[in-house]
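# Report on the structure
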Amino acid sequence: MQRLQAYKYELMPDGQQERQMRRFAGSCRFVYNKALALQKERYEQGEKKLGYAGLCKLLTEWRNSAETAWLADAPVHPLQQTLKDLERAYTNFFAKRADFPRFKKKGQSDSFRYPDPKQIKLDHGNNRLFLPKLGWLRYRNSREVLGVVKNVTVSQSGGKWFVSIQTEREVEQPIAQGGAVGIDMGITRFVTLSDGAFYAPLHSFKRHEAALRKAQQAMSRKTKFSTNWKKAKARLQRIHSRIGNARRDFLHKTSTAISQNHAMVCIEDLQVRNMSRSAAGSTETPGKNVRAKSGLNKSILDQGWFEFRRQLDYKLAWRGAWLVAVAPQNTSRTCPCCGHVSADNRKTQAQFLCVECGFEENADVVGAINVLRAGHARFACEVSGAVMPPAAGTHRSDSGAAQCLH
Ligand SMILES: [Zn+2]
């Protein structure tokens, strides 16, 4: 089985390289924005949008024109890749997966990608990496890179530069160990398992919120673009990247722990994006419960449910295990003991009490048990029993039902 994996390291560029990287990122941003402006213009005039090949042709023109000749100083492949990114942003928009592509701003996800492995040299023993037009770059070597290098992305965050090396390698098809489990994601408990275990939320954002607000206010009091303003901005960016790091660390630890012990994980197929969008509504249809929802949204985004699912998905796949997404129908209102479906079963946010049979349990655990059942049902429909890993067939977590008092 093919395993794709990315390794990220902090770069230690010299002054010249840092200036170059900033310029390359700027050139990519310029090309992206110019191409986006052009596409918008075409759209408004009722013309068809240009494809990737058409945009690349324009890029060559821009690199050759006297007005934007400085674009020729940047490596050409990363500039083309940024056009590819724009193309993907358009595709995602038309497939209703994303908002309309936005113009890039300086300092926001400054990055560029080298797609051609032939132009990249990795000298792991000497902690250095060769990239076109940058030369040999030193990096903080924290772990060995496994596999063949496919592409390399250089990015800037919080004033530091990083390199992400995407690799591919052949690994033996693993056989997952452990049983099946259902999980329920929530605000008060980040993840609850159907066997009763749970992970408390990190609330990385909340914890740093006061510091963030203070830094924002400090920056707003300074004269824009002054030395003190730049200092305040750098401080704000450091807080942002600290929040990001804490969150990433938390999500990785949690997704690793869950993927290590289970052969099948069932999860509610929540549209995180939809949930997080509906709060404000639009001018025509203002959202309901805006305040309550935006609080919830903040929590959802803060906790990174989407990223958590993404991690869980690939980590399970690496171990030969399954992630099964199920429709979130009545998972919070169905009694796992007698099957009675009623909103009355859910007296409070935290407690589940069946009005029919009296089964009582933490509401999140009930949700997780129901998700597990729905997952088993879906899995049985899609995969024949022969290919199903044996562990996944056991209703291990149905022990919840055994506790039924009725
Ligand atoms: Zn019941």
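Numbers given for residues are sequential positions, taken from 1 along each chain in its written order. Note on the predicted model: pLDDT of at least 70 is required for a residue's local features to be given, and 80 or more for side-chain atom pairs to be given and counted; whole-chain, interface and lining totals, by contrast, use all residues.

### Quick word on the overall build of the protein
To keep it simple, the criterion reads: Labels follow the DSSP assignment, with helices taken as runs of H or I lasting at least four residues and strands as runs of E lasting at least two, numbered in each case from the N terminus. With C-beta atoms placed from the backbone, a residue is labelled by how many other C-beta atoms lie within 10 Å of its own: buried for 20 or more, exposed for 12 or fewer, partly exposed between the two. Working definition of a contact: two residues with C-beta atoms, positioned from the backbone, lying within 7 Å.
A count of helical and extended segments in the protein gives 10 helices and 14 strands. Relative to its full complement of 406 residues, the protein shows a buried share of 27%. Restricting to contacts in the protein with at least 6 residues of sequence separation, those with at least 24 account for 66%.

### Some remarks on the environment of Glu-209
Along the chain, Glu-209 turns up in helix H4 (residues 204–221). In this structure the C-alpha to C-alpha distance between Glu-209 and His-240, which are 31 residues apart in sequence, comes to 9.9 Å.

### Focus on the pairing of strand S4 (residues 128–131)
The following threshold applies: The rule for pairing is simple: two strands pair if DSSP sees at least two bridges between them.
Alternating positions in S4 separate cleanly, Leu-129 and Leu-131 being buried on one face and Arg-128 and Phe-130 remaining unburied on the opposite face. Bridging between strand S3 (residues 121–123) and S4 involves 3 bridges; their strand directions are antiparallel. When the sheet's bridge partners are listed, Leu-122 is paired in S4 with Leu-129. Here S3 folds back onto S4, and the loop between the two strands holds 4 residues, one of which, Asn-127, carries a positive phi near 55 degrees. Two elements, S4 and strand S5 (residues 135–139), share 4 bridges in a ladder whose sense is antiparallel. Among the inter-strand pairings, Leu-129 is bridged to a residue of S5, identified as Leu-137. Between S4 and S5, which pair antiparallel and follow one another directly, the connecting turn spans 3 residues, one of which, Lys-133, has a positive phi of 65 degrees.

### Regarding helix H3 (residues 76–94)
Keep this limit in mind: Helices are assigned an expected span. That span is 1.5 Å times one less than the residue count.
For H3, which comprises 19 residues, the first-to-last C-alpha distance of 28 Å matches the rise-based estimate of 27 Å (1.5 Å per residue) to within 8%. Summarising the contacts, the buried residues of H3 are in contact with helix H1 (15–44), helix H2 (52–64) and strand S2 (111–114). Phi for Lys-96, located one or two positions after H3, is positive at around 65 degrees.

### A word on the sheet that holds strand S10 (residues 198–199)
Selection rule: Only the stretch in contact is used when fitting a helix axis, every axis being a line fitted to C-alpha atoms; angles between N-to-C directions are given from 0 to 180 degrees.
Taken together, the 5 strands give an open sheet; going across it, the order is S10-S9-S8-S11-S12, and neighbouring strands pair in mixed fashion. Unpaired on one side and paired on the other, S10 and strand S12 (322–326) mark the two borders of the sheet. The pairing of strand S11 (residues 262–268) with S12 spans 5 bridges and is classified as parallel. Each residue of the ladder has a partner; that of Glu-268, found in S12, is Val-326. Contacts between helix H8 (residues 305–318) and the sheet are confined to strand S8 (179–185), S11 and S12, with S12 contributing the most and set at about 140 degrees to the helix.

### Some details on the pairing of S11
Counting buried positions along S11 yields 7 of 7 residues, so the element is predominantly enclosed. By the bridge criterion, 5 bridges tie S8 to S11 in an arrangement that is parallel. Note that in S11 the partner of Ala-180 across the bridge is Met-264.

### Digging into the nonpolar core
Our working definition: As used throughout, a nonpolar core is a set of buried Ala, Val, Leu, Ile, Met, Phe, Trp, Tyr and Cys residues joined through C-beta atoms within 7 Å of each other.
The biggest cluster of nonpolar side chains holds 34 residues, and the ones touching the most others in it are Ile-183, Met-264, Val-265, Cys-266 and Val-371. The set of elements that each furnish at least two residues to this core consists of S8, strand S9 (191–193), helix H5 (227–260), S11, H8, S12 and helix H9 (363–382). Top contributing element to this core by residue count: H9, with 8 residues. Within the second largest apolar cluster, 27 residues are counted, among which are Cys-28, Leu-83, Tyr-114 and Val-163.

### Considering the packing of H2 against H3
Here is the rule: If you view the pair so one helix is near and one far, a crossing is left-handed when the near helix is turned anticlockwise from the far one by less than a right angle, and right-handed when it is turned clockwise. Three categories are distinguished: nonpolar for Ala, Val, Leu, Ile, Met, Phe, Trp, Tyr, Cys and Pro, charged for Asp, Glu, Lys and Arg, and polar for the others, with Gly belonging to the last.
The interhelical angle for the contact between H2 and H3, taken along N-to-C directions, is 145 degrees, at an axis separation of 10 Å. In this structure, the crossing between H2 and H3 has a hand that is right-handed. Residue-level contacts link Tyr-52, Leu-55, Cys-56 and Leu-59 of H2 to Leu-79, Gln-80, Leu-83, Lys-84 and Glu-87 of H3. Within the contact of H2 with H3, the residues separate by chemical class into 6 nonpolar, 1 polar and 2 charged.

### Focus: the sheet that holds S2
The sheet built from 7 strands is open, its strands ordered S2-S6-S7-S1-S5-S4-S3 with antiparallel pairing. Each edge of the sheet is formed by a strand with only one pairing partner; in this case those strands are S2 and S3. Neighbour-to-neighbour, the strand axes of the sheet open up by a mean angle of 30 degrees, direction not taken into account.

### Points about the packing of H1 against H3
This is how the line gets drawn: Oblique is the label for any angle not covered by the other classes, which are roughly parallel (under 35 degrees), roughly antiparallel (over 145) and roughly perpendicular (65 to 115).
Running from N to C, H1 and H3 point in directions that differ by 40 degrees, and their axes come no closer than 9 Å. Classed by the angle they form, the pair H1 and H3 counts as oblique. Once H1 is placed against H3, the crossing between them reads as right-handed. The residues of H3 that touch H1, namely those facing Phe-24, Ser-27, Cys-28, Val-31, Tyr-32, Ala-35 and Leu-36, are Pro-78, Leu-79, Thr-82, Leu-83, Asp-85 and Leu-86. When its residues are assigned to classes, the contact of H1 with H3 shows 10 nonpolar, 2 polar and 1 charged.

### What to know about the environment of Asp-313
Within the secondary structure, Asp-313 sits in helix H8. Distance from Asp-313 to Leu-323, taken between C-alpha atoms, is 5.8 Å for residues 10 residues apart in sequence.

### A few points about the confidence of the model for the protein
How we decide: Within a predicted model, pLDDT stands for the predictor's per-residue confidence, ranging from 0 to 100.
Averaged over the protein, the pLDDT score is 84; the fraction of residues at 70 or greater is 84%. Element-level pLDDT for the protein is lowest in helix H10 (residues 399–402), with a mean of 30, against a maximum mean of 97 in S5. In the predicted structure, residues 276–292 sits below a pLDDT of 50 and forms 15 contacts with residues beyond four places in sequence or in another chain. The model gives residues 384–406 a pLDDT under 50, and that stretch makes 41 contacts with residues more than four places away or in other chains.

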